[in-house]
Amino acid sequence: RPVVSARDIVKRYGGVTALNGVSLDVEEGEIFGIIGPNGAGKSTLFDILCGITVPTSGSIRIMGSEISGMPPHLIARSGVARTFQRTAVFAESTVLENLLFGRHASFHHGVLGRIVGSKSYVRDQQAFQARVEEVLALIGLDGERHRKAGVLAYGVQRRLAVGIALMSDPKIMFLDEPAAGMNGRETADFIALIRAIAPGRTILIVEHDMAVIRQLCGRALVVVDGKPVVVDAPHHVLSHP
Ligand code: ADP
Ligand code: ADP
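Everything in this summary refers to the structure shown in the same document. Quick caveat: nothing in here was measured; it's all calculated off a predicted structure.

Here we come to the site of ligand 1. Taken together, Tyr13, Val16, Ala18, Pro37, Asn38, Gly39, Ala40, Gly41, Lys42, Ser43 and Thr44 make up the full set of residues near ligand 1. Within the backbone of Gly41, an N or O atom sits 2.9 Å from an oxygen atom of ligand 1. Between ligand 1 and Ser43, the relevant distance is 2.8 Å, taken from an oxygen atom to a main-chain nitrogen or oxygen of the residue. When the residues that make up the shell around ligand 1 are grouped by side-chain class, the tally is 5 nonpolar, 5 polar and 1 charged.

This brings us to the sheet that holds strand β10 (residues 227-232). Ordered by their spatial adjacency, 6 strands build an open sheet running β6-β7-β8-β3-β9-β10, and the pairing between neighbours is mixed. Since the sheet does not close on itself, it has two edges, and those belong to β6 (80-83) and β10, each with one partner. Strand-to-strand twist in this sheet, taken as the mean axis angle between neighbours without regard to direction, amounts to 15°. The pairing of strand β3 (residues 31-35) with strand β9 (residues 219-224) spans 4 bridges and is parallel. Looking at β9, one finds that Ile35 is bridged to Val222.

How each quantity is defined
Every residue gets a number counted from 1 within its own chain, in the order that chain's sequence is written. Just so you know, chain letters begin at A and ligand numbers begin at 1, following the order they were written in. Only residues with pLDDT of at least 70 are given local features in this predicted model, and only at 80 or more are side-chain atom pairs given and counted; all residues enter the totals for whole chains, interfaces and linings. Note that water and hydrogens are dropped before the side-chain values are worked out from all heavy atoms of the structure. The nearness test applies per residue and asks whether one of its heavy atoms lies within 4 Å of the molecule or strand. Counting of polar contacts relies on pairs of N or O atoms within 3.5 Å, with two restrictions inside protein: one atom must be capable of donating a hydrogen and the other of accepting it, and residues adjacent in sequence are counted only when both atoms are side-chain atoms. Put simply, Ala, Val, Leu, Ile, Met, Phe, Trp, Tyr, Cys and Pro go in the nonpolar bin, Asp, Glu, Lys and Arg in the charged bin, and everything else, Gly too, in the polar bin. Pairing between two strands is assigned when DSSP locates at least 2 bridges connecting them. Under the DSSP-based scheme used, a helix requires at least four consecutive residues in state H or I and a strand at least two consecutive residues in state E, with every element numbered from the N terminus. In this analysis, axes come from line fits to C-alpha atoms, helices being fitted only over the stretch in contact, and the angle between any two N-to-C directions falls in the range 0 to 180 degrees.

Below, the structure written as structure tokens:
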């Protein structure tokens, strides 16, 4: 059963049709690529799949539940995390503080209604500390925790953005051009990071770097002018006329 399932997604902005009938099924555990030229509708598709944008028509199921009309924080709570095309780290905050924002985005809803100082508060604090250490190790920023995010190399900031998303231990991750602007070494590290976090997750990646798509994705969807063109293994897709 697919964990992400979209049917006939159409999105219009006034006279602009950003998506014109996109359907896709992503199976549990897949690393699924989405490629296509600038303006093809890839970011819009991600926004719709995680509830940030409401489609003009069409339906989306995440883990079997229809998400149309569901607010993004409820979708996030069901185990979905998203990173953005432009790196969304807080430059003036430390690595640790940035991960804390991930906590706020993720642990937040379990916390509302609880009394600070209660046992569950302490348990959550401990779980949070443990998660911080796990994520710092995964993203390789263990030694950089007190550095301001803004002073880190761009490729490292992008790893941090993935780390923020990882704080909630999401089952489904949407990564929007995660390797953009990375140098060769950073890209190789990034591929290793995604391989390390992939078990137990379903990952969708929009990416312009075809080497990343080839090395990570089992299947890729090509979107052109808001329409799906082909879904297949990357080596087939990339040789498609
Ligand atoms: P991609 O991510 O593939 O580069 P986008 O999803 O960003 O493509 O954009 C698809 C199309 O929709 C483009 O023509 C873009 O200009 C348009 N578009 C995206 N967002 C908006 C918006 N908020 N308002 C108007 N047009 C938009
Ligand atoms: P709001 O956005 O409504 O201000 P916060 O996310 O800041 O909500 O959290 C509300 C309260 O819960 C704050 O006092 C905060 O310190 C506390 N809190 C937030 N996350 C946790 C957590 N994981 N464990 C314990 N307390 C938390």
